[in-house]
Amino acid sequence: MADLRNNFVGIKSPNPFWLASAPPTDKAYNVERAFKAGWGGVVWKTLGEEGPPVVNVNGPRYGAIFGADRRLLGLNNIELITDRDLYTNLREMKQVKMNWPDRALIASIMVPCEEQAWKAILPLVEETGADGIELNFGCPHGMSERGMGSAVGQVPEYIEMVVRWCKQYTRMPIITKLTPNITDVRRPARAAKAGGTDAVSLINTINSIVSVDLDNFAPNPTVGGKGSHGGYCGPAVKPIALNMVAEIARDPETYGLPISGIGGITTWRDAAEFLVLGAGNVQVCTAAMTYGFKIVQEMITGLSDWMDEKGHRSLDDITGRAVPNVTDWQYLNLNYIAKAKIDQDACIKCGRCHIACEDTSHQAITNVVNGLRHFEVIEEECVGCNLCVNVCPVENCITMEPLAAGTLDKRTGRTVDPNYANWTTHPNNPMARQAAE
């Protein structure tokens, strides 16, 4: 059986599934139930500095995007950091860690961008016995207007500065949580590394307005007739998160920096994709809010079964395995050629492939042959774009079949070249021509 035990920057947990800092981790009651359900760790909902608690809105806090079957695809969240008293949180954290010494307990922290504020809160958190801290530089709403959250995360110099403060004032491992609301996520990651962070976590939520109430003409969720931008999360953000994780994992300046992957993880397969792209563990929020804490049991079983099937003995066997295969477009092999192929036995003759190809692509799929409704790829027109594969409602009905070297590409009239060639040396590339000259 695959060994799912996780050691992330010295923080040990029985599996790589942690609950992210969010409403599900706001109090001991929730965290205890999460651990009973099987979660390997939690990042406690973000703590603020000592003083009057944060004030949240008392009306709706979530907007939503649904699929055709009303499956939740994304949440827009306007809730702020914890509105519970700091010392209440600290007492509960200490008790939970005593009750569950084998589980990871991380304190998420957000205080003003002032050295004294960080110096004051770190010893208080350390006294709880927490395994580490996560610096919340990601929240795009509410707190950012106060000079915290993504207001810090969007400025690499601030990130490096705060990380240095924290490394000076605590013994605990530091995880720096990055915002996706930035042009190039590698820059804040590099800054965090320069400051001495032990790891980064990403992505935090994406700045968004998910919908507008067309009766009240206000963004959703609507609070007293007004709405605000909020943080977008859930399955819809997964592709953005995967890309940002991969960018950090393959960047020469941050290569080897431990990553905690966050963003739309709902199934074991989602988690596996983050792990093979360089994440050392994963954090989950929206899936737990949608399906409950016990969803982790499906994640654990699924990941373990897949690893057993593929012969992977531990998480080390898969972590980062896909990173060498992530490249820039200019290095893709332009001599690789594939054509779509339709399995006539599996085809239900819905015509979606033909409509998509005929109206929006390359007119490479028939709809009538010899007077009968029939869908077949016209090889002379097929460029191998695979749009038909993605719109077909029958899994594996349409597949992409590579052309072997030396065979004829009917579209170009040329044989397939066995040699690797990319855009950097292509004769149509003006930069390549200039270099040659």
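Residues numbered from 1 in each chain as written. Predicted model: local features only at pLDDT ≥ 70, side-chain atom pairs only at ≥ 80, totals over all residues. Heavy atoms only, no water.

Focus: the domain arrangement of the chain
Applicable threshold: Boundaries of every domain are those given by an automatic assignment or by a domain database.
Splitting the chain by domain gives domain 1 (6–325) and domain 2 (329–435). For domain 1 and domain 2, the distance between their C-alpha centroids amounts to 40 Å.

Side note on the pairing of strand S10 (residues 199–202)
To be explicit about the condition: Remark: exposure states derive from per-residue accessible area (1.4 Å probe, protein chains only) relative to the maximum for the residue type, with buried under 20%, exposed over 50%, and partly exposed in between. Only DSSP runs of H or I reaching four residues or more are called helices, and only runs of E reaching two or more are called strands; each is numbered from the N terminus. For two strands to count as paired, DSSP must find a minimum of two bridges between them. A clockwise path from the first strand over the helix to the second, with the strands pointing away from the viewer, defines a right-handed crossover.
Side chains of S10 alternate between two faces, with Ala199 and Ser201 and Val200 and Leu202 buried alike. Strand direction decides the pairing type here: strand S9 (residues 174–177) and S10, joined by three bridges, are parallel. What sits directly across from Thr176, in S10, is Val200. Once you follow S9 into helix H6 (residues 186–195) and on to S10, the crossover reads as right-handed. As paired elements, S10 and strand S15 (residues 259–262) share three bridges and run parallel to each other. If you follow Ser201 over to S15, its bridge partner there is Ser260.

Points about the nonpolar core
For clarity, the threshold we go by: We define the nonpolar core as a collection of buried residues of types Ala, Val, Leu, Ile, Met, Phe, Trp, Tyr and Cys that are connected through side-chain atoms lying within 4.5 Å of one another. By definition, residues are in contact when any of their heavy atoms lie within 4.5 Å.
Within the largest apolar cluster, 82 residues are counted, with the highest numbers of intra-cluster contacts made by Trp39, Trp118, Val125, Ile133, Leu135, Leu202 and Leu303. Look past the residues within four positions of Leu303 in its chain and what remains in contact with it is Leu4, Pro16, Phe17, Trp268, Ala272, Leu275 and Leu315. Counting 14 residues, the second largest nonpolar core, distinct from the first, contains Cys347, Cys357, Cys392 and Cys397.

Focus on the sheet that holds strand S4 (residues 41–47)
Note the following rule: To get an axis, fit a line to the C-alpha atoms, keeping to the stretch in contact for a helix; angles then go from 0 to 180 degrees between the N-to-C directions.
Spatial strand order, S3-S4-S7-S8-S9-S10-S15-S16: eight strands in a closed barrel with parallel pairing. Strand-to-strand twist across the sheet, computed as the mean angle between neighbouring axes with direction ignored, equals 25°.

Considering the pairing of S4
Within S4, seven of the seven residues are buried, leaving the element largely enclosed by the surrounding structure. Across two bridges, strand S3 (residues 17–19) lies against S4 in parallel orientation. By the bridge assignment, Leu19 is partnered in S4 with Val42. Taking the sense of rotation as the criterion, the β-α-β connection linking S3, helix H1 (residues 28–37) and S4 turns out right-handed.

Quick word on H1
Judged by how many residues are buried, H1 sits mostly within the fold: seven of 10 residues are covered. Along H1, the residues that are buried comprise Ala28, Asn30, Val31, Glu32, Ala34, Phe35 and Ala37. Buried residues belonging to H1 abut S3, S4, helix H2 (86–99), strand S7 (104–109) and helix H10 (295–310). Backbone geometry just after H1 places Gly38 at a positive phi near 125°.

Focus on the environment of Lys341
Structurally, Lys341 is set in strand S17 (residues 338–342). What makes Lys341 exposed here is its relative accessible area of 53%. Sequence separation of Lys341 and Arg186 is 155 residues, and the distance between their C-alpha atoms is 39 Å. If we ignore the near neighbours within four places in the chain, the residues touching Lys341 are Val377, Cys397, Ile398, Thr399 and Glu401.

As for a nonpolar patch on the surface
Counted only if it meets this: A patch consists of residues whose relative accessible area exceeds 30% and which take part in no salt bridge; residues with like charges are grouped when within 9 Å of each other, and nonpolar side chains (Val, Leu, Ile, Met, Phe, Trp, Tyr) when within 5 Å. Shrake-Rupley sampling with a 1.4 Å probe provides the accessible areas, and residues are treated as covered by the protein chains on show and by no other component. Salt bridge, as used here: a side-chain nitrogen of Lys or Arg that lies within 4 Å of a carboxyl oxygen of Asp or Glu.
A surface patch of nonpolar side chains, amounting to about 460 Å² of accessible area, comprises Ile209, Val212, Leu214 and Phe217. Residue placement: Phe217 occurs in the loop between strand S12 (212–213) and strand S13 (218–219). With a relative accessible area of 67%, Phe217 lands in the exposed category.

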